[in-house]
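So the chains spell out like this:
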Amino acid sequence: MASILDDAVAKFKNNLKYYSEKDNSFSLTDFDLKSMTIPSKTISVNFPLKTSKGFKIFHAYRVHFNTERGPAKGGIRYHSKVDLDEVSALSLWMSLKNALMNLPYGGGKGGIEINPKEYSDQDIEKISREFVRQMHLIIGPETDIPAPDVYTNPQIMAWMSDEYNKIKGKKVPAAFTGKPISAGGSEARSYSTAMGGFYVLKKAAEEYKIPKNATIAIQGFGNAGRNFAEIASKQGYNIIAVSDSKGGIYNKDGLNIEKLIKHKRTQPVSTFPGKRISNEELLETDVDVLVPAALENVITEKNANKIKAKIILELANGPISEKADEILFKRKIIVLPDILANAGGVTVSYFEWLQNKKNQHWKETKVLKNLEERMSETFKILFNDYVQKFNVSFRIAAYAHAAKRIIKAKKKAEGCIE
Ligand code: GLU
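Residues numbered from 1 in each chain as written. Predicted model: local features only at pLDDT ≥ 70, side-chain atom pairs only at ≥ 80, totals over all residues. Heavy atoms only, no water.

Participant: Even after reading the chapter, I still don't get the packing of helix α1 (residues 4–22) against helix α10 (residues 322–330), so can you show me in this structure?
Facilitator: Packed helices, taken two at a time, are described by the angle between their axes plus the distance between the axes. Two elements in contact, α1 and α10, have axes whose closest approach is 8 Å; the angle formed by their N-to-C orientations is 35°. In this structure, α1 uses Asp7, Ala10, Lys11, Asn14, Asn15 and Tyr18 to contact α10, whose residues at the interface are Glu322, Asp325, Glu326 and Phe329. Taken together, the residues of the contact of α1 with α10 sort by class into 3 nonpolar, 2 polar and 5 charged. (Axes fitted to C-alpha atoms, helices over the stretch in contact; angles between N-to-C directions. Helix = DSSP H or I, 4+ residues; strand = E, 2+ residues; numbered from the N terminus. Contact = heavy atoms within 4.5 Å. Nonpolar A, V, L, I, M, F, W, Y, C, P; charged D, E, K, R; others polar.)

Participant: Mind showing me how you'd approach the pairing of strand β5 (residues 144–148) here?
Facilitator: In the case of a regular strand, side chains alternate between the two sheet surfaces. Burial runs high along β5: 5 of the 5 residues are buried. Examined bridge by bridge, strand β3 (residues 72–79) and β5 share 5 bridges and lie parallel to one another. The partner of Ile76 across the bridge, within β5, is Pro148. (Buried < 20%, exposed > 50% of the residue type's maximum accessible area, 1.4 Å probe, protein only. Pairing = 2+ DSSP bridges.)

Participant: Just checking my understanding: could you explain the sheet that holds β3 for this structure?
Facilitator: Within a sheet, neighbouring strands are paired by backbone hydrogen bonds and run either parallel or antiparallel to one another. Strand order in the open sheet formed by 5 strands is β1-β2-β4-β3-β5, with mixed pairing between adjacent strands. The two strands at the open ends of the sheet, each matched to only one other strand, are β1 (41–51) and β5. Going across the sheet, the axis of each strand differs from the next one's by a mean of 20°, ignoring polarity.

Participant: Explain the site of the ligand here, please?
Facilitator: Among the 14 residues in the neighbourhood of the ligand, the closest are listed as Lys73, Lys97, Lys109, Asp149 and Ser349. In this structure, a nitrogen atom belonging to the ligand sits 2.8 Å away from a side-chain N or O atom of Asp149. Considered on its own, the ligand offers 300 Å² of accessible surface; in the complex 95% of this is hidden by protein. Of all the secondary structure elements, the ones that give two or more residues to the shell around the ligand are β3, α3 (84–100), β5 and α12 (344–358). Here the shell around the ligand is composed, by residue class, of 4 nonpolar, 5 polar and 5 charged. (Near = heavy atom within 4 Å. Polar contact = N/O pair within 3.5 Å; in protein donor to acceptor, adjacent residues only side chain to side chain. Areas by Shrake-Rupley, 256 points an atom, 1.4 Å probe, with all protein chains shown as cover.)

Participant: What's the story with the packing of helix α6 (residues 192–208) against α12 in this structure? I'm lost.
Facilitator: Their axes nearest at 6 Å, the elements α6 and α12 cross at an angle of 120°. One finds that α6 runs oblique with respect to α12. Like other packed secondary-structure pairs, α6 and α12 cross with a definite hand, here right-handed. Of α12, the residues touching α6 (which contributes Ser192, Thr193 and Gly196) are Gly344, Gly345 and Val348. For the contact of α6 with α12, the class distribution of residues is 1 nonpolar, 5 polar and no charged. (Parallel < 35°, antiparallel > 145°, perpendicular 65-115°, else oblique. Left-handed = near helix turned anticlockwise from the far one by under 90°.)

Participant: Mind showing me how you'd approach the pattern of salt bridges here?
Facilitator: Once the charged atoms of two side chains with opposite charge are near each other, the side chains can pair. Counted under the stated rule, the structure contains 28 salt bridges. With a closest N to O distance of 2.9 Å, Asp244 and Lys264 form a salt bridge. One end of the pair, Asp244, is in strand β7 (residues 238–244); the other, Lys264, is in helix α8 (residues 257–264), and 20 residues separate them in sequence. (Salt bridge = Lys/Arg side-chain N within 4 Å of Asp/Glu carboxyl O.)

Participant: Before we go on, may I ask you to explain the sheet that holds strand β11 (residues 311–313) in this structure?
Facilitator: An order of β9-β8-β7-β6-β10-β11-β12 is seen for the 7 strands of this open sheet, with the pairing classed as mixed. On the outer flanks of this sheet lie β9 (275–277) and β12 (334–336), each paired with one strand and no other. Taken pair by pair, the neighbouring strands of this sheet meet at an average axis angle of 20°, ignoring direction. By the bridge criterion, 2 bridges tie strand β10 (residues 289–292) to β11 in an arrangement that is parallel. Residue pairing in the sheet places Leu290 in a bridge with Ile312 of β11. Helix-sheet contacts for helix α7 (residues 223–234) involve β6 (215–219), β7, β10 and β11, and the interaxial angle to β6 is about 165°.

Participant: Is there a simple way to explain helix α14 (residues 394–413) in this structure?
Facilitator: Along an α-helix, residues three or four apart share an orientation, since each turn contains 3.6 residues. Under the 1.5 Å per step criterion, the end-to-end length of α14 is 29 Å for 20 residues, consistent within 8% with the ideal 28 Å. Along α14, 14 of the 20 residues are buried, which leaves the element largely enclosed by surrounding structure. (Expected span 1.5 Å × (residues − 1).)

Participant: Teacher, can you tell me more about the environment of Pro173 here?
Facilitator: Mapped onto the secondary structure, Pro173 falls in the loop between α5 (154–168) and α6. On a C-alpha basis, the gap between Pro173 and Asp162 in space is 8.8 Å, while along the polypeptide they are 11 residues apart. Each residue touching Pro173, except ones within four places of it in the same chain, is listed here: Lys179 and Asn356.

Participant: Before we go on, may I ask you to explain the environment of Lys358 in this structure?
Facilitator: Relative to the elements of secondary structure, Lys358 occurs in helix α12. The class for Lys358 is exposed, based on a relative accessible area of 52%. Here the alpha-carbon distance between Lys358 and Ala174, two residues 184 residues apart in the chain, equals 9.7 Å.

Participant: I would appreciate a short explanation of the nonpolar core in the present structure.
Facilitator: Taken as a class, soluble globular proteins show a tendency for nonpolar side chains to be buried jointly. Core analysis: the largest hydrophobic core is formed by 97 residues, its most contacted members being Ile216 and Phe228. A per-element tally of this core places α14 first, with 10 residues. If you look at the next biggest cluster of nonpolar residues, it comprises 25 residues, including Leu49, Phe58, Met135 and Met157. (Core = buried A, V, L, I, M, F, W, Y, C linked by side-chain atoms within 4.5 Å.)

Right, dumping it as C-alpha cells:
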C-alpha cells in the first residue's frame, strides 16, 4: 500500500468532487482543498530509553490538522507500524471528525512506533512519561489534547497527565482525556466509541429497516470491537463472527459474547469454540452488518467486490481504501463512515474536557443522553440534508458537512467573512 495519507486525501477530494457535481451551491477551490489536507504542525522525536529489554530508541510523532476551529484533539497510538504517514492520515481524519460532530477542535493524532506487548508495564509507564516530556510544549487544554487510541488506555493517560502536571507544577486535568475516573476521567468514556457506533447503527436500522436480530461480524476485539460486541449482543443483535490480530471465529447460530469476552482475557478469540476463520474470511462473511474495528485499509480494491454485508459500520479509522470506497458505493453497500461511526470516543472526550474545565463530574446517564443526542442529530443531518436530498453516500455527506465547517472557520480566521 502506498502512503496512507495520500490515499486518505484522494478519498476526501474525490468524494467532495462528486458532491460538488450534485450540489451546485457547494464549491471549493484547489486552495481550499490543499489548505484542509496539509498538516499545520508536524513533530517527530526520537528518544533513547533504558527499558527491561536494554537500551532502545523510540520514534514518536504528533501531527495537527485544521486547528482554526480549536485546539488539536485526538489520540495517541502505540503500534509497531506507526509512522509519520499513518499519524498524519489519522490526524486529518480527526479534524474532519471533530468538525462533523461540531466539537470546538481541530485534528490531532500521535503515536509511538512500538509493539507494546513486548514491554513490561514499568517500561510502558517510562515510555509514556518520556513522550510527555518530549511533547509538553505543544500539549495543553487550549492547544492540543491527547487521548487513547489503538493499544493505549486510561492507565497510560493517567501516567501522561501526571507527568504533565509535574512539569507544569499544577493540576491541568483538561490537557488529556480518556483518563481513569479516579484521575478526572468521564463516566462512559471507556466504552463511548462503541456506544456512539451503536447509536449510529440504531438510527440506520430505523431508516433501512434492519431487524433487531440482524447478524453482525466484527473485525478487531480491542476496546472498540469488544465493547461494541457486548452492547450489540445485549440489544439482541446476533454476532456470528469475531476476529483479533491472530484470526477469527465463526458460529452461524451466534457467538456467546459474554463467554467470548472472558475467554479473550487469556486467549485469542480464534481458540473459542466455533469454526476458525481468517481475518480475510471474516470481512467476506455473509452478514447484515460488518464492523471493521481494527486498523486502516483492510477493505481494498482486492476484496471490496467480495463483501457481502449490507451495511458497514466503520468503528476503526480508515478501514476502507479510496478505491474500495468507490466500489462499495457503486455496489450500493451502505457505509457508515469512521468520522461519524467512531466519533463517540472523541465526543465523550469533549464532555470530559468540559467537566475538567468546570470542575464537574457528570452522571453516566447524563453522558449517555448527551452522546446519543449528538450522534443521532448528526446522523439525521447527513441522512436528510445530503443522503436523501442528493443521493450520495454517508461518507460524501460527512466529508461535505465537515469541509463546510472547516472552510468557514478558516475564512473567519482570515477575516474574509463575518
Ligand atoms: N482515538 C479516538 C479517535 O480516533 C479518540 C480521540 C479522542 O478522544 O480525542 O477518535
